[in-house]
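Each chain is listed here by its residues.
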Amino acid sequence: MLVTDAGLAKLPITATAVGLLKEAGLPVAVFSDVQSNPVESNVEAGIAAFRKGNHDGVIAFGGGSGLDTGKVIAFMAGQTRPLWDFEDIGDWWTRADADTIAPIVAVPTTAGTGSEVGRAGVITQAATHTKKVIFHPKMMPRMVICDPELTAGMPPSITMGTGMDALAHCFEAYCAPSYHPMAEGIAVEGTRLIFANLPKAVANGKDLEARAHMMSAAAMGAVAFQKGLGAIHALSHPVGALYNTHHGTTNGVFMPYVLVFNRAAIEPKIARLAGFLGITGGFDGFLKAVLDLRKQIGVPHALGGLGVDRAKVETIVEMSLVDPTAGGNPVPLTKEGSRKIFDAALSGDVAAAA
Ligand SMILES: NC(=O)c1ccc[n+]([C@@H]2O[C@H](COP(=O)([O-])OP(=O)(O)OC[C@H]3O[C@@H](n4cnc5c(N)ncnc54)[C@H](O)[C@@H]3O)[C@@H](O)[C@H]2O)c1
Ligand SMILES: [Fe+2]
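No experiment lies behind these values; they were computed from the predicted model shown.

Trainee: I tried to follow the overall build of the protein chain on my own but got confused; where do I start?
Mentor: When its secondary structure is counted, the protein chain shows 13 helices and seven strands. In terms of its C-alpha atoms, the protein chain occupies a principal-axis envelope of roughly 60 × 40 × 40 Å. Counting over 354 residues, the protein chain shows a buried share of 56%. Within the protein chain, contacts between residues separated by at least 24 positions form 76% of all contacts whose residues are at least 6 apart in sequence. Element-wise, carbon and sulfur atoms account for 59% of the exposed surface of the protein chain, whose accessible area totals about 14,300 Å². Across the protein chain, the mean location of the 28 positive side-chain charges is 2 Å away from that of the 32 negative side-chain charges.

The structure is reproduced here in structure tokens:
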């Protein structure tokens, strides 16, 4: 069963992929009842289709939404316990019957989430408007096909947003305080690839060299964030769940505010990163480079650009503190700290996050 989102299902790249499978003699059905920021009902409908069609594996085809939903369907199709029993908490994944998990082939069509090399899927729980991470080691795809041509048709706004997700993964993984020098090395090179190639991919979607580097950087970001994420994701998750904003674009908005908020804990580290990237001026030079990149590719500077106002600030702050990514922030995230970042991102005053 090929799982993709409803928008992608109508595009020629999906029809081509299905055509190639049929030509090769592989019977395939398409399941595309998947929305951006997928919800549990998408997963439930997919499980029903998988069982009814007697399928033996999933081709997860799409951006993070299609990939995550496909992976979670393959994981859940043979389970007897409910979805939320497998949230990424402690050893909850051991509750699963691992033998029933169907094999997954992942085919990314965006360059951002890196879900193709990850062991988790992000699904929004409708009752609580919360993005939950469903985890199992066997959710790791057996095979990944990274073909940059599949990303060539992404419009500039999605190229920008997904690219900022990859950058947020590299950046937050690099800054997370846990010890994992291998992940840091991957994050540093991923950051370089993104600074060098994201503006090119946004300006000319058909630049396959830039697209290929972005696809690598997306996978690298997801490998690196095994080390941890931080306040960008902790705030972006509730905003995405409550306002249905695009995940990566939301990360792009929060990035400079979180960078400034964390300054005291990461300044020497960021100076080292700036040196590697050929950016002069240490921490301040890096901050300017982030602001310039956002401007160049069209990331909204403040939350208003995403249609987010202060109506739900207290809920967002509360949710950010219990988000599983909050623990990786270099400066421990408190209620006051989270509110400070949110207020700064709302007003557009980067210095106010300090
Ligand atoms: N599993 C993980 O580790 C992980 C990490 C980060 C984010 N996520 C999740 O991934 C989701 C976001 O994924 P995303 O940023 O890739 O966006 P997406 O999958 O939601 O896609 C965004 C839009 O782009 C369209 N699209 C995708 N590929 C296209 C192409 N090649 N050409 C034209 N249009 C295309 C889609 O139809 C959709 O309308 C969120 O739910 C987020 O929480 C998961
Ligand atoms: Fe992300």
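Trainee: When you look at the coordination of the iron ion (ligand 2) in this model, what are you seeing that I'm missing?
Mentor: Note on metal geometry: ideal angles are 109.5 degrees for four donors arranged tetrahedrally and 90 or 180 degrees for six donors arranged octahedrally. Surrounding the iron ion (ligand 2) are the protein donor atoms Asp165 (OD), His169 (NE2), His233 (NE2) and His247 (NE2), at 2.2 Å. Coordination at the iron ion (ligand 2) comes from four donor atoms whose angles at the metal span 83 to 169°, giving a geometry best classed as irregular. Spacing between the donor residues of the iron ion (ligand 2) along their common chain follows D-x3-H-x63-H-x13-H. Of this pair, Asp165 sits in helix α5 (residues 156-175) while His247 sits in helix α9 (residues 247-261); the two residues are 82 residues apart in sequence, bridging distant segments of the chain. As far as burial versus exposure is concerned, Asp165 and His247 are alike and both buried.

Trainee: Looking at this structure, how should I read the environment of Ala344?
Mentor: Tracing the chain through its elements places Ala344 in helix α13 (residues 335-347). The exposure class of Ala344 is buried, given its relative accessible area of 2%. In this structure, the C-alpha to C-alpha distance between Ala344 and Gly221, residues 123 residues apart in sequence, is 26 Å. Setting aside its immediate chain neighbours within four residues, Ala344 contacts Tyr257, Asp349, Ala352 and Ala353.

Trainee: Before we go on, may I ask you to explain the sheet that holds strand β2 (residues 30-31) in this structure?
Mentor: As summarised here, the arrangement of the five strands in space is β2-β1-β3-β4-β7, forming an open sheet in which the pairing is parallel. Of all strands in the sheet, those bounded by a partner on one side alone are β2 and β7 (143-144). Pairing between strand β3 (residues 58-62) and strand β4 (residues 104-108): five bridges, direction parallel. For Val58, the partnering residue across the bridge sits in β4 and is Ile104. Most of the contacts of helix α2 (residues 12-23) go to β3, to which it runs at about 155°, and overall it touches β1 (2-3), β2 and β3.

Trainee: Please clarify how the nonpolar core should be interpreted in this entry.
Mentor: Where a protein is soluble and globular, its nonpolar side chains tend to be buried together. Phe254, Leu259, Ile270, Phe286, Ile341 and Phe342 are the most contacted members of the largest nonpolar core, which totals 69 residues. Beyond its immediate stretch of four places on either side in the chain, Ile270 contacts Phe171, Cys175, Leu259, Phe283 and Phe286. Val34, Phe50, Ile73 and Met139 belong to the second-largest nonpolar core, a separate cluster that totals 27 residues.

Trainee: Quick question: what am I supposed to make of the packing of α5 against helix α10 (residues 263-277) here?
Mentor: When two helices pack together, their arrangement is captured by the angle between the axes and the distance separating the axes. Two numbers describe how α5 lies on α10: the axes approach to 10 Å, and their chain directions differ by 130°. By the criterion of interaxial angle, the relationship of α5 to α10 is oblique. For the pair α5 and α10, the crossing hand works out as right-handed. For the pair α5 and α10, the contacting residues are Phe171, Tyr174 and Cys175 in the first and Ile266, Lys269, Ile270, Arg272 and Leu273 in the second. Broken down by class, the residue content of the contact of α5 with α10 amounts to six nonpolar, no polar and two charged.

Trainee: Where do I start with the site of ligand 1 in this structure?
Mentor: What surrounds ligand 1 is a group of 29 residues, the closest being Asp5, Ser36, Gly64, Ser65 and Lys131. The separation between an oxygen atom of ligand 1 and a polar main-chain atom of Gly64 is 2.7 Å. In the model, an oxygen atom of ligand 1 is placed 2.8 Å from a nitrogen or oxygen of the His246 side chain. Contributions of two or more residues to the shell around ligand 1 are made by α4 (64-76), β5 (120-125) and α5.

Trainee: Got a minute to help me understand the layout of surface pockets in this structure?
Mentor: Where empty space is left in the structure can be found by rolling a water-sized probe over the atoms. Empty space within the second largest pocket amounts to approximately 570 Å³. Residue lining of the second largest pocket: 22 residues in total, with Leu2, Leu21, Leu26, Ile59 and Val105 positioned closest to the centre. Listed by contribution, the elements that provide at least two residues to the lining of the second largest pocket are α2, β3 and β4. Examining the composition of the lining of the second largest pocket, we find that five residues originate from one element, α2, more than from any other. Taken together, the residues of the lining of the second largest pocket break down into 17 nonpolar, three polar and two charged.

Conventions we followed
- Residues numbered from 1 in each chain as written.
- Chains lettered and ligands numbered in written order.
- Predicted model: local features only at pLDDT ≥ 70, side-chain atom pairs only at ≥ 80, totals over all residues.
- Heavy atoms only, no water.
- Helix = DSSP H or I, 4+ residues; strand = E, 2+ residues; numbered from the N terminus.
- Buried < 20%, exposed > 50% of the residue type's maximum accessible area, 1.4 Å probe, protein only.
- Contact = heavy atoms within 4.5 Å.
- Areas by Shrake-Rupley, 256 points an atom, 1.4 Å probe, with all protein chains shown as cover.
- Lys, Arg positive; Asp, Glu negative; His and termini not counted.
- Charge placed at Lys NZ, Arg CZ, Asp CG, Glu CD.
- Donors = N, O, S within 2.8 Å, 3.2 Å for Na, K, Ca; no water.
- Tetrahedral: all angles 85-135°; square planar, octahedral: opposite > 155°, others 65-115°.
- Pairing = 2+ DSSP bridges.
- Axes fitted to C-alpha atoms, helices over the stretch in contact; angles between N-to-C directions.
- Core = buried A, V, L, I, M, F, W, Y, C linked by side-chain atoms within 4.5 Å.
- Parallel < 35°, antiparallel > 145°, perpendicular 65-115°, else oblique.
- Left-handed = near helix turned anticlockwise from the far one by under 90°.
- Nonpolar A, V, L, I, M, F, W, Y, C, P; charged D, E, K, R; others polar.
- Near = heavy atom within 4 Å.
- Polar contact = N/O pair within 3.5 Å; in protein donor to acceptor, adjacent residues only side chain to side chain.
- 1 Å grid on protein atoms, 1.4 Å probe; cavity = no way out; pocket = protein on both sides within 12 Å on 5 of 7 lines; lining within 4 Å.
- Points joined across faces, edges and corners; volume = space filled by probe spheres on them.

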